[in-house]
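An overview of the molecular structure
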Amino acid sequence: MTQKGFDPRILGFFCHWCCYAAADSAGVSRYQYPPNVRVIRVMCTGRIDVRFILEAFKCGSDGVFTGG
Amino acid sequence: MAETCRQVLNGAGVNSDRLALEWASAAEGPRFVELITGYVNRIKALGPLGEGPSEAGEHLERRLDAAVKAAESLKVRTVYGNLAKKFHKAGDYSPEAISAGVREKIYPAFRREMLTQEIISCVSEKPCTLDELAEFAGASAEELEKITAALGKKGILKEDGRGWFLAR
């Protein structure tokens, strides 16, 4: 059911040492990837709590991507 | 944590496929690009929040609000901590054990807290009968009866001929 013009708002929780650095290196090497993810950097994926994710959905994000 | 989130999201009427937990090391730029692209396409296929099949639609914000409040509650936190201790003791961290533990321990506590929040938000507007509450919270009257009785005992709610209302 792909909707035309639907631009999902996705919240990303990225670990500072892993996924955030991977995103950075992907950017430096000029890989193309969709710009829908809004990133929140955390110092470790273990910092993320059930509440953060529920709150993200409550605030209307269409998806939450947790990257460790 | 992820399993708790999935079960709670399903219970609140959100497709749990909307939550992704993936790993990419600092050296894996290309893998990260693959993961993100795949994930964004998956969300595009699901459509906006609340509009996918089996999603709660108009009630969603209220349900999620109740879920956030339940996640803060001391009761749920205690159950969560106790379960973590139990896993540590048994040394069994297999996905099946975690899924079963969450289903049996955390989810019921979470659901109870969520329904409590929904009942309080419903009766704070006007007195409600048990059937009205059941329709509002999307649960059975029997399930709610126990919770309203417990709230009545604590002196938070009162009951009269018109139904339950907030005690002040």
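A few points about the interface of chain A and chain B
Contacts between the two partners involve 39 residues from chain A, matched on the other side by 43 residues from chain B. Both faces considered, chain A and chain B share a buried interface measuring about 3500 Å² in area, 74% of it formed by carbon and sulfur atoms. Taken together, the links from chain A to chain B amount to three salt bridges. Joining chain A to chain B, the criterion identifies twelve residue pairs in polar contact (both at pLDDT 80 or more). Of all the elements in the fold, those that place two or more residues in the side of chain A that touches chain B are β1 (10-15), α1 (19-28), α2 (50-58) and β3 (63-67) of chain A. No other element matches the seven residues that α2 of chain A contributes to the side of chain A that touches chain B.

A short note on helix α4 (residues 74-90) of chain B
All names here are of chain B. Helix length check: α4, at 17 residues, gives a terminal C-alpha distance of 24 Å against a target of 24 Å (1.5 Å per residue), a fit within 8%. Among the residues of α4, those classed as buried are Val-76, Leu-83 and Phe-87. Buried positions in α4, seen along its axis, are confined to an arc of 40° and lie on one side of it. For α4, the exposed residues lying more than 90 degrees away from the buried face are Leu-74, Lys-85, His-88 and Lys-89. Residues of α4 that are buried make contact with α3 (60-72) and α5 (95-123). Phi for Gly-91, located one or two positions after α4, is positive at around 65°.

Re the environment of Ala-70 of chain B
Residue and element names in this part refer to chain B. Within the fold, Ala-70 resides in helix α3. Using a relative accessible area of 0% as the deciding quantity, one classes Ala-70 as buried. C-alpha of Ala-70 to C-alpha of Pro-95: the two residues are 25 residues apart in sequence and 24 Å apart in space. When residues no more than four places from it in sequence are discounted, the contact partners of Ala-70 are Val-76, Phe-110, Glu-113 and Met-114.

Description of the sheet that holds β1 of chain A
Across the sheet, four strands lie side by side as β2(A)-β1(A)-β3(A)-β1(B); this open sheet has parallel pairing. The strands lining the two open edges of the sheet, one partner per strand, are β2 (37-42) of chain A together with β1 (19-22) of chain B. The sheet shows a mean angle of 15° between the axes of neighbouring strands, direction not considered. Bridge count between β3 of chain A and β1 of chain B: four bridges; the pairing is parallel. Across the sheet, residue Phe-65 of chain A finds its bridge partner in β1 of chain B, namely Ala-20 of chain B. In this fold α2 of chain A packs onto β1 and β3 of chain A together with β1 of chain B, with an angle of close to 150° to the strand it touches most, β3 of chain A.

Rules and cut-offs
- Residues numbered from 1 in each chain as written.
- Chains lettered and ligands numbered in written order.
- Predicted model: local features only at pLDDT ≥ 70, side-chain atom pairs only at ≥ 80, totals over all residues.
- Heavy atoms only, no water.
- Contact = heavy atoms within 4.5 Å.
- Buried area = accessible area lost by both parts, 1.4 Å probe.
- Salt bridge = Lys/Arg side-chain N within 4 Å of Asp/Glu carboxyl O.
- Polar contact = N/O pair within 3.5 Å; in protein donor to acceptor, adjacent residues only side chain to side chain.
- Helix = DSSP H or I, 4+ residues; strand = E, 2+ residues; numbered from the N terminus.
- Expected span 1.5 Å × (residues − 1).
- Buried < 20%, exposed > 50% of the residue type's maximum accessible area, 1.4 Å probe, protein only.
- Arc of directions from axis to C-beta.
- Pairing = 2+ DSSP bridges.
- Axes fitted to C-alpha atoms, helices over the stretch in contact; angles between N-to-C directions.

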